[in-house]
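Geometric and topological summary
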Amino acid sequence: MKKIKYWFSALYVIFIMASCTKVIDLKLGDKTGELVIEGNITNVRAPQYITLSRNVPFTNANTYPPVTGAIVSVTDALANFRQFTEGPPGTYSIGRLTGQPGNTYTLQVTTNGKTYSAVSVMPAPVKLDSITSVINDFKRGNNLRDISVNYLDPVGVANQYRFTLSVNGVQVKRVFTYDDEFINGKYVNLELVQNDIDIHPGDTATVEMQCIDKPIYTYWYTLMQQQFNGPGGGITPSNPPTNITPVTLGYFSAHTTQSKSIIVR
Amino acid sequence: MIKPLLLVLILTFSISAFAQKNYIISGTISDKSTGEQLIGATIRIKELPQNGTATNSYGFYSLSAPDGEYTLVFSYIGYETVEQKISLHKSQAINLGLPAKNQLTEVVISSNKPNNDNVASAQMGAEKLDMAQINNVPVLFGEKDILKTITLLPGVKSAGEGNTGFYVRGGASDQNLILLDEATVYNASHFFGFFSTFNSDAVKDVNLYKGGMPSDYGGRLSSVLDIKMNEGNNKGYTVQGGLGLISSRIKVEGPIVKDKGSFMVSARRTYIDYFFGISSDSTLKGSSIYFYDINAKANYHFDDNNALYISGYFGKDVLGLKNTFGTNWGNSTGTIRFNHLFNNRLFSNTSLVFSNYNYVIQSFQTDDSFKATSQITDVNLKEDLQYSMGNRHTLKFGLNILHHTIAPGNITADAMSSFNNKSIEQRFGFENAAYIGDNWRVNDKLTFLYGLRLSGMFLIGPGTFDTYDNAGNILTSKKYASGASVKNYFNLEPRFSSSYQLNDESSIKASYNRNTQNIHLLSNSTSSTPTDLYVMSSNNIKPEISDQVSTGYFRNFADNIVEFSIETYYKWLQNQIDYKDGAQLLVNQSVESQLVFGSGRAYGLEFFIKKKYGRFNGWVGYTLSRTELKFDAINNGSYYPARQDRTHDLSVVGIYQLNKRWTFSSTFIYGTGNAVTYPTGKYEIGGLTTFSYSERNGYRLPSTNRLDIGATLEGKEHKRYHSSWTFGIYNVYGHANPYIITFRDSKTVPNTTEAVQTSIFATQIPSVTWNFKFQ
């Protein structure tokens, strides 16, 4: 269904042969200095990171001031309390935590006298069977490839997934998130359709598969909807609904993760 | 509410009953050469200036006058005015054919003065399009288009470049009731809105009501666009058509039984896909991309008192990529109407109307093949009666029983596919209405057009109906049996317009209207998409309600050749619909949990000056307006500009007939940019540059302006054959109007972001069409 939407947009673009784009100067508002929290807990035995930063004006460079000196902790459903320590400025980590599927994690961040909290449940992992390269349907003439992820969706439970795709070590700047609304219990071959990086035979493609909970899916899905600039300009953008209270930018996600790489053929 | 109104009606009728003995003149008015009935032609009595009337949708009129000698004046725009002397000593029928003005030979103003109907009539906020004028207005790719032409009127705004969607007085595009021979057309566009579903060859009459809606219309908040198809020539056969850049069209019409019945069939198809067939790009080669539509109509007049009309429309868009996916969508409508004249005062029309919109999306790839379908089907039984009461009242009343079936989504997939079968419960409901309205000419200065419409929405089973909390979780869930009542809504909609004529050339008018809407389009995209989804009012969705007041000053100049008006309006909107962030609308059983509800207000001032006659004609329309919405969850619950809010909107249309063969035309538009949401900051999440937003629609796209020109060259006159060429240039000075502005990581300067404006027709687009006619 998602792919169909992409095709709609693409065919529509063919039609608009007289279209043109240009970079313009706009006077944009400045509501910056807001706290951004990005927190992830995974099921892989590795350091877990929570990063704190602030948003900047549109016209600035893409560098974001870290928020230092915060008190950051994660507590699980069994009341195991873990304090995170600040490494590089704004990056808070813990080295010993392996997230458990089914466990509920609560993030707590205190900075500037204000405490933020968020709850996320780590879903059961779903095995990423394989990733394959397929011919890009849309630009058939150009010998381009798309990457397809293949897995068996567990029957009877609601699953949500997020994928990240890297080509030769460079992340594709797109959000890929899907639920099993239409595919519950099926063996899935899902193409990660994108137009950010052209993928050629010989490239190395790496896919990370995350199993995420429902609120985090809604978070990513909102961002994904906003990146479709289809007929009429898509939907009105907004900050995606966060699971952090009080509301601030960002999210806290407890998810499972696994990665696979292939040489594109 | 009903009681006092009935009392007033009875009282006024009894007064006229005491008046002196009147005789009735009734009949139909048609085009003399084709027999095509004329809608809205005026009939007046020279000696009794206030005793005028106009023909209804079937060309029928009825008026009365005391015993005496009179001169009847029959007139209609684009036709010669005919005067006929009568001795009125008994009621009589006069059926008349008006000769069309021969545009090739006559360009001087007719010696008959144009009438001052726009000043005298109580109707306000209404505009009747002159089809001859539409044919001269230049349009994109030379495809004549009713929907694009109406956006040149004040108070009507285009939803955007290359978009047939329109906003009337601040209403959203789904708040327009678009009727083709009384059938609702749900998706009035082809190809994502670039073209309208209405083939102007098949269209006879277009009326737009943006305020002062008569009580016989209902079901949408902001406007009614009432389109009537041609009946077909009942005198002789003609074949006409055209070859254009994008599409070709053909129309055949002729008598079934001369002077008694006729038929008309009109069809059109695009052929961009044939160019793809010869393209060297293998992707394009395997793709299909086209639309077609067919209009057909037939009528038969059994005698002077009974006539039957059957008409239909079928249109389809097809879009697909070979062996990959295919999709098609379209409307179909069918209307059967029976006119019966009970007597020379009471006219009845009974209609049975069918309307359907559906879409199909199919994937053909073996590992993810599926077929998704969705549709809405209406069956509508209408009874409309018109009664001419004395010479001061024209009464309209009727009943309407409309049955909706909505199949929101159905996915079928084979066993090999990674998709599951999924079906969303169908929804059934009735939208019923009863109405009464009266056009009361109190004296030669004061006219009232008033009425009342009672609308009822009945949502019925079978099905499981849920209610939701604010977070979208199911609160209650209840199963209903087939036919069981789930939720009913009743609304009384008063309609009132009045005009007070200051003198022959000027009047002031005022109106109040309530409209309600029980069928709602769910789409979180700005333009028309094939996957438009409709829902009925339900236990979660209340009927949308609009109350509009408007006043106006109408003034004609130069013997009614130039019409001028200023209208102002204020609208209150209730139960407006928006979507939660991340709303999933497609094939979703709980789609109603994705909605939020709020209110709105719209107000504005419209200026209109129009020269209808002469070698040089055209109009200037200007609107100053504001449209704001209010939702608890958006902008902290304060008013914010709706997307369709446009402060200034200017349209200039000029048509100049140089000589018998050449006509030139030009349109210019200027509009404030749409209200849009721009980022007020940026941050990084998941390795992606992400933008932060602080207020909804707090910014404006740059303003839009564009000049189009056109020219028509009429071929030399032949007895049985006529041809013409239409030339056009869209966007003469190649202005890059903003279509959308997007924000992204810069492609040139690393580690920065940029704003990018996309314009879709940033250059001159020429067009040429060849038209022909055999008779």
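Because the structure is predicted, anything quoted here is derived from the model rather than measured.

Calculation rules
Residues numbered from 1 in each chain as written. Chains lettered and ligands numbered in written order. Predicted model: local features only at pLDDT ≥ 70, side-chain atom pairs only at ≥ 80, totals over all residues. Helix = DSSP H or I, 4+ residues; strand = E, 2+ residues; numbered from the N terminus. Buried ≥ 20, exposed ≤ 12 C-beta atoms within 10 Å, placed from the backbone. Contact = placed C-beta atoms within 7 Å. pLDDT = per-residue confidence, 0-100. Expected span 1.5 Å × (residues − 1). Core = buried A, V, L, I, M, F, W, Y, C linked by C-beta atoms within 7 Å. Pairing = 2+ DSSP bridges. Axes fitted to C-alpha atoms, helices over the stretch in contact; angles between N-to-C directions.

**Points about the overall build of chain B**
What chain B contains, in helices and strands, is six helices and 51 strands. Dimensions of chain B, computed from the C-alpha atoms along their principal axes, are close to 90 × 65 × 50 Å. Across the 775 residues of chain B, 48% fall into the buried class. Taking contacts inside chain B between residues at least 6 apart in sequence as the whole, the part at least 24 apart equals 64%.

**A word on the overall build of chain A**
In terms of regular secondary structure, chain A is built from two helices and 17 strands. Among the 265 residues that make up chain A, the fraction classed as buried is 41%. Considering only contacts in chain A between residues 6 or more positions apart, those separated by 24 or more positions represent 64%.

**With respect to the confidence of the model for chain B**
As a note on interpretation, predicted positions should not be read in detail where pLDDT is low. All names here are of chain B. For chain B, the mean per-residue pLDDT works out to 86, and 93% of the residues sit at or above 70. Here residues 9-19 is a poorly scored stretch, pLDDT under 50, and it has 10 contacts once near neighbours within four places are set aside; other chains count. Scored below 50 in pLDDT, residues 103-111 makes 12 contacts in the model with residues more than four places away or belonging to other chains. Both scores are given for the predicted complex: the pTM is 0.88, the ipTM 0.92.

**Here's the deal with helix α2 (residues 214-226) of chain A**
Residue and element names in this part refer to chain A. Here α2 spans 18 Å end to end across 13 residues, near enough to the 18 Å set by a 1.5 Å rise per residue. Among the 13 residues in α2, 10 count as buried, and that is most of the element. Listed in full, the buried residues belonging to α2 are Ile216, Tyr217, Thr218, Tyr219, Trp220, Tyr221, Thr222, Leu223, Gln225 and Gln226.

**Overview of the nonpolar core**
Counting residues in hydrophobic clusters, the biggest one holds 70 residues, and the most contacted among them are Ile37, Leu52, Val149, Phe163, Leu165, Ala205 and Val207 of chain A. When residues in this core are grouped by element, the largest group, six residues, is from α2 of chain A. In this structure, Val207 of chain A is in contact with Ile131, Ile147, Val149, Phe163, Leu165, Ser259 and Lys260 of chain A, ignoring residues within four places of it in sequence. Core analysis: the next-biggest nonpolar cluster, separate from the first, contains 56 residues, Ile178, Tyr209, Ile406 and Leu522 of chain B among them.

**A short note on unusual backbone geometry**
Residue Thr245 of chain A is joined to Pro246 of chain A through a cis peptide bond whose omega torsion reads -10°. Even without being glycine, Asn168 of chain A reaches a positive phi, approximately 50°. Positioned with a positive phi, Asn697 of chain B is a non-glycine residue whose angle comes to about 50°. For Asn697 of chain B, the position within the fold is in the loop between β45 (688-692) and β46 (699-700). Given 20 C-beta atoms within a 10 Å radius, Asn697 of chain B is considered buried.

**Describing the environment of Ile94 of chain A**
Residue and element names in this part refer to chain A. Inspection of the secondary structure puts Ile94 in strand β6 (residues 91-94). Taking the C-beta count within 10 Å as the criterion, Ile94 has 17 such neighbours and is therefore assigned partly exposed. Separated by 56 residues in sequence, Ile94 and Glu38 have C-alpha atoms that sit 15 Å apart. Apart from residues no more than four positions distant in its own chain, Ile94 is found in contact with Pro47, Gln48, Arg82 and Phe84.

**Quick word on the pairing of strand β8 (residues 114-121) of chain A**
All names here are of chain A. Where strand β7 (residues 104-111) and β8 come together, eight bridges link them in antiparallel fashion. Along β8, the bridge assignment pairs Thr106 with Val119. Where β7 folds back on β8, the antiparallel hairpin that results is connected by two residues, among which Asn112 adopts a positive phi of roughly 50°. In the sheet, β8 pairs with strand β16 (residues 244-245) via two bridges, with the strands oriented antiparallel.

**Points about the sheet that holds strand β50 (residues 753-759) of chain B**
Reading across the sheet, the three strands line up as β1(A)-β50(B)-β49(B) and stay open at both edges, with antiparallel pairing between neighbours. In this open sheet, the two strands that pair with only one neighbour each are β1 (20-24) of chain A together with β49 (740-745) of chain B. Across the sheet, the mean angle separating the axes of adjacent strands is 35° when strand polarity is ignored. Summarising the sheet, β49 of chain B and β50 of chain B pair through six bridges and their orientation is antiparallel. Among the inter-strand pairings, Asp745 of chain B is bridged to a residue of β50 of chain B, identified as Thr753 of chain B.

**Some details on the sheet that holds strand β9 (residues 128-135) of chain A**
Residues and elements named next belong to chain A. As summarised here, the arrangement of the three strands in space is β9-β10-β14, forming an open sheet in which the pairing is antiparallel. Every other strand in the sheet has two partners, leaving β9 and β14 (187-191) as the edge strands with one partner each. Taken pair by pair, the neighbouring strands of this sheet meet at an average axis angle of 25°, ignoring direction.

**Here's the deal with the environment of Met389 of chain B**
Positionally, Met389 of chain B belongs in strand β25 (residues 370-389). Met389 of chain B sits in the partly exposed class, given 19 other C-beta atoms within 10 Å.

**A short note on the pairing of β50 of chain B**
In summary, the side chains of a regular strand alternate between the two faces of the sheet. Across five bridges, β1 of chain A lies against β50 of chain B in antiparallel orientation. Residue pairing across strands places Val23 of chain A opposite Val756 of chain B, the latter belonging to β50 of chain B.

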